[in-house]
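Residue strings, one per chain:
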Amino acid sequence: MRAVSPPLPAADDTVSRAVLRDGSVVQLRMAAPSDHQALTRFFHDLSPESRRLRFFALSEPSDTLLTRFCDSTDLSHNATLLALRLDGGELRPIAVGSYFSTGDATAEVAFAVDDRFHGKGLGTMLLERLAAIAGAHGFKRFEATTLTENTAMLEVFHESGFEIRSKSDRGCVNVLLSIDPTGASVNAAERRDALATAASLRPLFEPNAVAVVGASRTVGSIGRRILRALVAGGFTGPVYPINPHADKLDGIRCYPSLAAAPHGIDLAVVAVPRPAVLGVVDECAAAGVKSLAVITAGFAETGVDGRALQQTLLDKVRGHGLRMVGPNCMGLLNANPRVRLNASFSPIVPPSGGVALSSQSGALGLAILELASERGVGLSTFVSVGNKADVSGNDLLQYWEADPTTNVILLYLESFGNTRRFARLARRISRKKPIVALKAGRTRAGSRAAGSHTAALAASDTAVDALFRQSGVIRADTIDEMFDIAACLDSQPLPGGRRVAIVTNAGGPGILAVDACEAAGLHVSPFSAATRERLAAFLPAEASVGNPVDMVASAGPEEYRRAVEVALTADDVDALIVIYTPVDPTCSRETLDAIRTGIANGRAAGGAAKPILGCLMAGTSRPRPLIIGGERVPVYAFPENAARALAKVATYAAWRAQTPGLFWSFEDIRADDARNVCRAAIDADGERWLTGDETKTVLGAFGLPLAAGTLARSPDEAVALARVLGFPVAAKLSARGIQHKTDVGGIRLNLEKPSSVRRAFAEIVACARKLVPADQIDGVFIQSMIADGVETMIGVADDPLFGPLVGFGLGGIHVEVLGDVQFRVAPLTDRDVDELLHGIRGLPLLQGYRGHTPADLEALREILLRVSRLAVEVPEIVELDLNPVIALAPGKGCRIVDARVKVRAPGTRATPTDG
Ligand code: COA
């Protein structure tokens, strides 16, 4: 067993677009015969020097070679990937990368990049993408021969992070790259993607100048509101309204077209009627605009025609190398005082702060901004992503990861785009900055509503929960809770544990807080004698000095000051909730001041690393944060809100404190053997359940311990096998088309002698003959009986959006009646597996409850890691049921007693969108 790098993205999400080093975008696709002319022109237009470096000759490639470039029908033989840009209204190649098989899992690779686009990372990007495609089609190595002076190409190979061997030979360098992803190659690719994506979004969030195309003469129209918001928000650069019918709007000079406007526009907010949008995109590109926020509605959310129009819009935007937020969005904001951009029609701009927010719903976006403003949550940036045609939530995550003003990321999601990319990014980014997500559509009815609203597939909730858990994403249940959590994360340190001190002057709210803390998994444990003594020194006798500290209604400012300081500095406390219910409102101000002083003193006296949450009911309708110097202590409406937010923050803190999980591989896995069996079954019959023998081969190839047994085709064979295995044995029907063997009398257990085996064989076959034709009955599986052990079950289900989900639970009624099963999205790290094992309620049964023998958890752990690899490496498997898996005593391993595997041609399910 060895740790391996996380798998690279599947080839299907790498082919469509790429962001370059300078932040511009290219379209990507495989070459086709119709590209012959365009490729002839591309190689013709290359400078002679570039041609010499590519072909070692000044001449252009032969017609035969061009025809080969245009053939990407069999990717296990050769492939040519094109990077394209719009030029004179047509998409033309600006870079071409190819591989051709040279046998023995090796392909020769070569690249050519238009001279005007050198230095933007196109070669590296094409190598990375081609390697992913080649790897998915059975190649292990790329070889290339490069002229010694072609340092740029050699650098591409070295920077890729792939293992590389090179040899100089008469003016050339022969390079051999192992294209198996390594830690270095995956990290290098992710770093490049993160830098390029963040750079590509900078013109959107930090533009030097902004144009509003469609700033209307009609006051109150959307375009006009955006113009006013930009000006009223105090945008620090110039704003250019574009309107062919106006000279001035709100006193600002108007331009008839983008061509007539000054140069240097980074962002165009587009609010023209739908039929004018495509033309405006061309105008933007011609005027050198770098990014767009398309407010206009009427695209994918409206149905088939709208979807087609959105695709045309996207092709245009990417063809021009631009980035676009929307369409059908309400724009974006950057509250950073250096920028002060309100490129939206929200009249409200929350205060500047560290919270970044994206909303998939425009209307809700407005409400969310209002709420953030009321709650005093400071915003760094806000984006209404609309239909997410180009800029996706995943792109935004990478921007916020790099953005120094963002501390906390909030996502309001209705649908997921590319969930695998989300999983990879969220796992990485959550380690540095917390991500809080509110996923609409938890219920079935909610999912349908979300699906129709955003024209996107709603994700199933089990998978969402699993994915969030695995990647450290904090799931909020309501918008209010999202801000409750954000307020704590933005301004307070992460707690080192779950022990909470509660300081209050009223018993009721104190008890509510204790209940809410305990219900949420926090501990309000009694203070140590030392802490109690420190409190008793100044509190009246009727006060309670345990935990919660109930100072009774007579508590004044001085008591608050000292109690807060003591609780904050107590050794047995990880976090503090301060509750204040004014009994005498005339003292409120003084008491709040005293709480501030207590916090400042406590911080200085060793309580700096503990989060503090307030519940100060001091007469304001909406709670406002308590400001102490540079610190903001979040204040909540009710103690329950504070407790729930703190509990989620504590769970996140614990996730972040653990070392990241590792993906494991096993030397003995023979993935090709398993894949071949599945592919042969699909080729023969399409989607179906594997036969007993096929299942045995697939599980065997991944080292999964099927209980010893073999298929017997006659009663004599059955008896002979039973003798080899040793009595008692089990006999099980193996017939295509019959899955539930128990239901049809296809199973006999505990057969202790030859005559019972013989009888069982005859009875089982007789039962089966009543149900299926004789040629579908393969025989009877004779298997050792497994005595003792704990029954568990392990399964794989294929989620249309999230891919394979691995499930684990105890067998029998635990799964069927109690639903005590946990899921994680594959691939699973060792940490995910530990959480699966420890997450079920029936865990005590595995640990040896009341004198029972405990189960071999190590062996279960290994099986789960192997099943995770099987699910990922054999995408033909759409369903897998190992039930029961008997976990024997520690050191004795596990045995899979029954297994069912269903296969289907991969790619026949809905594929996630890009992004
Ligand atoms: N270049 C510059 N200006 C142009 C133009 C072009 N190519 N084409 C049109 N315009 C101008 C018009 O002349 C008009 O200005 P005027 O009123 O001074 O003549 C302005 O753009 C707006 O055009 P108009 O026809 O009045 O459109 P509208 O304001 O009725 O609608 C949208 C435009 C974008 C608001 C509308 O199409 C739309 O999509 N509304 C829904 C938006 C929405 O809900 N988005 C999602 C939010 S979550």
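Computed from a prediction, not measured in an experiment: that's the story for all the values here. (Residues numbered from 1 in each chain as written. Predicted model: local features only at pLDDT ≥ 70, side-chain atom pairs only at ≥ 80, totals over all residues. Heavy atoms only, no water.)

1. With respect to the overall build of the protein chain
Then, in step 1: A count of helices and strands for the protein chain gives 28 helices and 41 strands.
Then, in step 2: Along the longest, intermediate and shortest principal axes, the C-alpha atoms of the protein chain span 95 × 90 × 55 Å.
Then, in step 3: The buried share of the protein chain, reckoned over its 915 residues, is 55%.
Then, in step 4: Once local pairs closer than 6 in sequence are excluded, the contacts in the protein chain between residues at least 24 apart make up 70%.
Then, in step 5: Of the roughly 36700 Å² of accessible surface on the protein chain, 53% is carried by carbon and sulfur atoms.
Then, in step 6: A gap of 1 Å separates the mean positions of the 97 positive and 100 negative side-chain charges of the protein chain. (Helix = DSSP H or I, 4+ residues; strand = E, 2+ residues; numbered from the N terminus. Buried < 20%, exposed > 50% of the residue type's maximum accessible area, 1.4 Å probe, protein only. Contact = heavy atoms within 4.5 Å. Areas by Shrake-Rupley, 256 points an atom, 1.4 Å probe, with all protein chains shown as cover. Lys, Arg positive; Asp, Glu negative; His and termini not counted. Charge placed at Lys NZ, Arg CZ, Asp CG, Glu CD.)

2. Some words on the pattern of salt bridges
Then, in step 1: Throughout the structure, instances matching the rule amount to 54 salt bridges.
Then, in step 2: Among the ionic pairs, Asp480 bridges to Arg375, the shortest N-O distance being 3.2 Å. Separated by 105 residues along the polypeptide, Asp480 in helix 15 (residues 479–491) and Arg375 in helix 10 (residues 362–375) bring together distant segments of the chain.
Then, in step 3: Under the relative-accessibility criterion, Asp480 is labelled partly exposed at 32%.
Then, in step 4: With a relative accessible area of 7%, Arg375 lands in the buried category. (Salt bridge = Lys/Arg side-chain N within 4 Å of Asp/Glu carboxyl O.)

3. Quick notes on the site of the ligand
Then, in step 1: Around the ligand lies a shell of 23 residues, among which Ser216, Arg217, Asn243, Ile295 and Ala297 are the nearest.
Then, in step 2: Within the side chain of Asn243, an N or O atom sits 2.8 Å from an oxygen atom of the ligand.
Then, in step 3: Ile295 is positioned with one of its backbone polar atoms (N or O) 2.9 Å from a nitrogen atom of the ligand.
Then, in step 4: Taking 960 Å² as the accessible area of the ligand by itself, protein coverage stands at 70%.
Then, in step 5: Grouping the amino acids of the shell around the ligand by side-chain chemistry returns 14 nonpolar, eight polar and one charged. (Near = heavy atom within 4 Å. Polar contact = N/O pair within 3.5 Å; in protein donor to acceptor, adjacent residues only side chain to side chain. Nonpolar A, V, L, I, M, F, W, Y, C, P; charged D, E, K, R; others polar.)

4. Examining helix 8 (residues 277–286)
Then, in step 1: Restricting attention to buried positions, one finds in helix 8 the residues Val277, Val280, Val281 and Cys284. Projected onto a plane normal to the axis of helix 8, the buried residues spread over an arc of 105° and lie on a single side.
Then, in step 2: Buried residues along helix 8 sit in contact with strand 10 (210–213), strand 14 (267–270), strand 15 (291–294) and helix 9 (304–319). (Arc of directions from axis to C-beta.)

5. As for unusual backbone geometry
Then, in step 1: Backbone torsion omega between Asn547 and Pro548 reads 10°, so that peptide bond is classified as cis.
Then, in step 2: Note that Pro548 resides in the loop between helix 17 (529–536) and strand 25 (549–550).
Then, in step 3: Positive phi is not limited to glycine here, since Asn328 has a value of about 60°.
Then, in step 4: Residue classification places Asn328 among the partly exposed positions, given a relative accessible area of 27%.
Then, in step 5: The phi torsion at Lys388 lies on the positive side, around 50°, for a residue other than glycine.
Then, in step 6: Structurally, the position occupied by Lys388 is in the loop between strand 20 (379–384) and helix 11 (393–402).

6. Let's talk about helix 23 (residues 715–725)
Then, in step 1: Here helix 23 has its buried residues at Ala718, Val719, Leu721 and Ala722. Viewed end-on, helix 23 has its buried residues packed into an arc of 165°, placing them on one side of the element. In this structure, helix 23 carries Asp716, Arg723 and Val724 as exposed residues pointing more than 90 degrees from its buried face.
Then, in step 2: For helix 23, the elements touching its buried residues are strand 32 (709–712), strand 33 (729–735), helix 24 (754–769) and strand 35 (777–784).
Then, in step 3: Gly726 sits one or two positions beyond helix 23 and adopts a positive phi of about 95°.

7. Notes on the sheet that holds strand 32
Then, in step 1: Read from one edge to the other, the open sheet built from four strands follows the order 32-35-33-34, with strand pairing classed as antiparallel. Every other strand in the sheet has two partners, leaving strand 32 and strand 34 (747–751) as the edge strands with one partner each. Strand-to-strand twist across the sheet, computed as the mean angle between neighbouring axes with direction ignored, equals 25°.
Then, in step 2: When strand 33 meets strand 34, the two strands line up antiparallel, connected through three bridges. Looking at strand 34, one finds that Ala731 is bridged to Arg748. (Pairing = 2+ DSSP bridges. Axes fitted to C-alpha atoms, helices over the stretch in contact; angles between N-to-C directions.)

8. Focus on empty space enclosed by the protein
Then, in step 1: Within this structure, the stated rule accounts for three cavities of 30 Å³ or more.
Then, in step 2: By volume, the largest cavity is sized at about 120 Å³.
Then, in step 3: A total of three residues in the lining of the largest cavity trace back to one element, the largest contributor, which is helix 15.
Then, in step 4: Tallied by class, the residues present in the lining of the largest cavity amount to six nonpolar, three polar and four charged.
Then, in step 5: Within this model, the second largest cavity holds a volume of roughly 60 Å³.
Then, in step 6: Lining of the second largest cavity is provided by 10 residues; of these, Glu128, Ser160, Phe162, Ser185 and Arg192 occupy positions nearest its centre.
Then, in step 7: Sorting the residues of the lining of the second largest cavity by element identifies helix 4 (122–136) and helix 6 (183–205) as the ones contributing at least two each.
Then, in step 8: The element best represented in the lining of the second largest cavity is helix 6, accounting for four residues. (1 Å grid on protein atoms, 1.4 Å probe; cavity = no way out; pocket = protein on both sides within 12 Å on 5 of 7 lines; lining within 4 Å. Points joined across faces, edges and corners; volume = space filled by probe spheres on them.)

9. A few points about the state of the cysteines
Then, in step 1: Throughout the structure, instances matching the rule amount to zero disulfides.
Then, in step 2: The thiol of Cys488 is not disulfide-bonded; the next cysteine sulfur, from Cys517, is found 12 Å away.
Then, in step 3: Taking the relative accessible area as the measure of exposure, Cys488 reaches 1% and is therefore buried.
Then, in step 4: The thiol sulfur of Cys615 is not disulfide-bonded, and the nearest other cysteine sulfur, from Cys517, lies at 11 Å. (Disulfide = S-S within 2.5 Å.)

10. Thoughts on the environment of Ile627
Then, in step 1: Following the sequence through the fold, Ile627 ends up in strand 28 (residues 626–628).
Then, in step 2: For the pair Ile627 and Gln470, spaced 157 residues apart in sequence, the C-alpha separation works out to 35 Å.
Then, in step 3: Setting aside residues no more than four positions away along its own chain, Ile627 makes contact with Arg596 and Arg632.

11. Let's talk about the sheet that holds strand 15
Then, in step 1: If you trace the five strands from one edge of the open sheet to the other, you get 11-10-14-15-16, paired in parallel fashion. A single partner strand is all that each edge strand has here, and the edge strands are strand 11 (239–242) and strand 16 (323–325). In this sheet, neighbouring strand axes are inclined to one another by 20° on average, regardless of whether the strands run parallel or antiparallel.
Then, in step 2: In this sheet, strand 16 lies alongside strand 15 in parallel orientation, the contact comprising three bridges. Opposite Ser291, over in strand 16, you have Arg323 as the bridge partner.
Then, in step 3: Packed on one face of the sheet, helix 7 (residues 222–232) meets strand 10, strand 11 and strand 14 and runs near 160° to strand 10.

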